[in-house]
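# Working through the structure, step by step
Here is what each chain is made of, one letter per residue.
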Amino acid sequence: FFLMIRRPPRSTQSRSSAASDVYKRQMYYWAKSTPQFEYKVSFTRWASRVTGKIAQIPIPASLRSTLFGLYAKSYGVILEDITKPLEEFTTFNDFFTREVKPRPIDARPNVLLSPADSKILSLSEVTEDSCLLIKGFTYQLGELLTGEPTYVAGPKVLESMKKRPEEKTKLYQCIFYLAPGDYHRFHAPTDILLRKRNHITGYLEPVKESFLPKRPTVYQKNERIAVFGETPFGFMSVIFVGALNVGSITLTFEKDLKTNPSIADVDKHKNISAFDYTTGKQIPLFEKLDVPREEPAKVVSQGIVLKKGDEMGRFNLGSTVVLVFEAPEQFKWNVKIGDRVRMGDVVGLIPTQPEIAKS
């Protein structure tokens, strides 16, 4: 039998190999000649799509309780929060994006809530384009929000972002890191009227704390969605940052938005896509981050209204949420860097008049 198996003639092998080399070179130069070449050939984007497909594979009912139980034990999942038995989760993705039991939401208008179960990596006032990432490292706010490396959020831009400058407000930022075992949905930290969003195609590198010193630009280079709106505090942007194996970010109010597009779809996204929630239309990337200064109560029909605690979307596995917001200068943090918080916990507040008088 083995004698009947003949190797193809050397000339045939050579022609086949040469044709393969030509094809590979053609594909390489085709990809390089098109926009976002570096994203198209990124291994982490490809690996994240593969992970996403694997996470969608149905798991036999007999194995679910064991597999999900082992995952929960390994990553510290709080099983008491889950709304249904482990055997009712049909896939890993179903388990990763699980619902949790309802939690109390502080209805006071002067408090800001944590949008997710997470760890506080950073919190600070925003006075320039460079913002605190972790101790000793910074990220560039302008590029994070717009996807444009040359966009600098200098003093004039920062001032234009404010909706209530006459009230002596300041800008603040806070970073929430979601670990693989955390509840993966994120919620509105306060009442918010969403007006616009940017979807920025990028890499999908790890965002865990230990990786940040090696790649401090990861937030401004990874794929992300930034939504912009107004709150009782003033301006707010909520940025959902993708990560390795977390290419899929879903927004509850824009389900057609697809993140981590395939090679063929990257051109369609043109790296950055912007959408105006007030008109329901795709728009060119807006050059300025500000929008007309109007009171939210007067424009509730223009945009998407979310109440404090409403679900905004979900990640697969874990990732990061960045809050950039305006608040009165009396605003005080209720947490510190390194704290673990749960969705709904109070992370900051504006003291009432009696509290201000005491201080």
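Right, let's walk through the structure included here. (Residues numbered from 1 in each chain as written. Predicted model: local features only at pLDDT ≥ 70, side-chain atom pairs only at ≥ 80, totals over all residues. Heavy atoms only, no water.)

## What to know about the pattern of salt bridges
Tallying each qualifying case throughout the model produces 17 salt bridges. Between D81 and R342 there is a salt bridge, with the nearest N and O atoms lying 3.0 Å from each other. On the criterion of sequence distance, the pair formed by D81 in the loop between α4 (61-75) and α5 (92-96) and R342 in the loop between β17 (340-341) and β18 (346-349) is long-range, its members being 261 residues apart. Residue class for D81 comes out buried when judged on its relative accessible area of 14%. By relative accessible area, R342 is classed as partly exposed at 30%. Close ionic contact of R215 with E205 constitutes a salt bridge, the shortest N to O distance being 2.7 Å. In this pair, R215 is assigned in the loop between β7 (192-200) and α8 (218-221) and E205 in the loop between β7 and α8, connecting sequence segments ten residues apart. Relative accessible area serves as the criterion here: at 34%, R215 is assigned to the partly exposed category. (Salt bridge = Lys/Arg side-chain N within 4 Å of Asp/Glu carboxyl O. Helix = DSSP H or I, 4+ residues; strand = E, 2+ residues; numbered from the N terminus. Buried < 20%, exposed > 50% of the residue type's maximum accessible area, 1.4 Å probe, protein only.)

## Quick notes on the side chain of H187
For H187, the location among the structural elements is in strand β6 (residues 185-187). Within polar-contact distance, the side chain of H187 engages the side chain of Y183 at 2.8 Å. Discounting chain neighbours no more than four positions away, the residues touching H187 are P115, G309, D310, E311, M312 and M343. (Polar contact = N/O pair within 3.5 Å; in protein donor to acceptor, adjacent residues only side chain to side chain. Contact = heavy atoms within 4.5 Å.)

## Some details on the pairing of β7
Among the nine residues that make up β7, nine are buried, leaving the element largely enclosed by the rest of the structure. Inspection of the sheet shows β7 paired to strand β13 (residues 304-306) by three bridges, in the antiparallel sense. The residue bridging I192 from the neighbouring strand is L306, located in β13. Inspection of the sheet shows β7 paired to strand β8 (residues 224-231) by seven bridges, in the antiparallel sense. Across the sheet, R197 pairs through a bridge with V227, a residue of β8. (Pairing = 2+ DSSP bridges.)

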